[in-house]
Amino acid sequence: MDDADRWRQMASAPKDGSRILVTIRASEQGPAEVDLAYWSHGDQFAGEGWRASDSSPGHIIEYAEPELKCWMPMPSANRTSMPSPWEGDDDEELDGSGI
């Protein structure tokens, strides 16, 4: 697996507005899934925080920090499918730190 194609802890996610892939934790609303998100510094529609990239003014999808388990950079253009959500039980397993 390419180093760019691995899940990383949310604490290391870029907060410069660039688009990234995130794993949304499983909840009573459904299983874990992957979404395209970015950090917003806030505007007239909502405050600072993680937003889904398909948000639009007046229809903002925001994620609370606890909803997001991990992130990875956008995949290369030759990728044929979306990565699977991170299924690990322990955040310490991310980035190989559980070894």
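A quick note: this is a predicted structure, and the numbers were derived from the prediction, not measured. (Residues numbered from 1 in each chain as written. Predicted model: local features only at pLDDT ≥ 70, side-chain atom pairs only at ≥ 80, totals over all residues. Heavy atoms only, no water.)

Let's shift gears to the nonpolar core. With twelve residues, the main nonpolar core is built from Met 10, Ala 13, Ile 20, Val 22, Ile 24, Ala 37, Trp 39, Trp 50, Ala 52, Tyr 63, Leu 68 and Trp 71. Only strand E2 (20-24), strand E3 (33-40), strand E4 (49-52) and strand E6 (68-73) provide two or more residues apiece to this core. A total of three residues in this core trace back to one element, the largest contributor, which is E2. When near neighbours in sequence (up to four residues on either side) are disregarded, Met 10 contacts Val 22, Trp 50, Leu 68, Lys 69, Cys 70 and Trp 71. Core analysis: the second largest hydrophobic core is formed by six residues, Leu 21, Val 34, Cys 70 and Met 72 among them. (Core = buried A, V, L, I, M, F, W, Y, C linked by side-chain atoms within 4.5 Å. Buried < 20%, exposed > 50% of the residue type's maximum accessible area, 1.4 Å probe, protein only. Helix = DSSP H or I, 4+ residues; strand = E, 2+ residues; numbered from the N terminus. Contact = heavy atoms within 4.5 Å.)

Our next topic: the sheet that holds strand E1 (residues 8-9). Read across the open sheet, the six strands follow the order E1-E6-E2-E3-E4-E5; overall the sheet is antiparallel. Here the strands that pair on one side only, and so sit at the sheet edges, are E1 and strand E5 (62-63). (Pairing = 2+ DSSP bridges.)

Within the structure shown, the criterion is met by one aromatic pair. Look at Trp 39 and Trp 50: their rings are 5.2 Å apart centre to centre, the planes differ by 75°, and that puts the pair in the edge-to-face class. With a gap of eleven residues between them, Trp 39 in strand E3 and Trp 50 in strand E4 connect regions that are remote in the sequence. Of the two residues examined, Trp 39 and Trp 50, each falls in the buried class. For the cation-ring pair, Arg 19 lies above Tyr 38, with the distance from its terminal atom to the ring centre recorded as 4.2 Å. (Phe/Tyr/Trp six-rings, centres within 6.5 Å; stacked < 30°, edge-to-face > 60°. Lys NZ or Arg CZ within 6 Å of the ring centre and 35° of its normal.)

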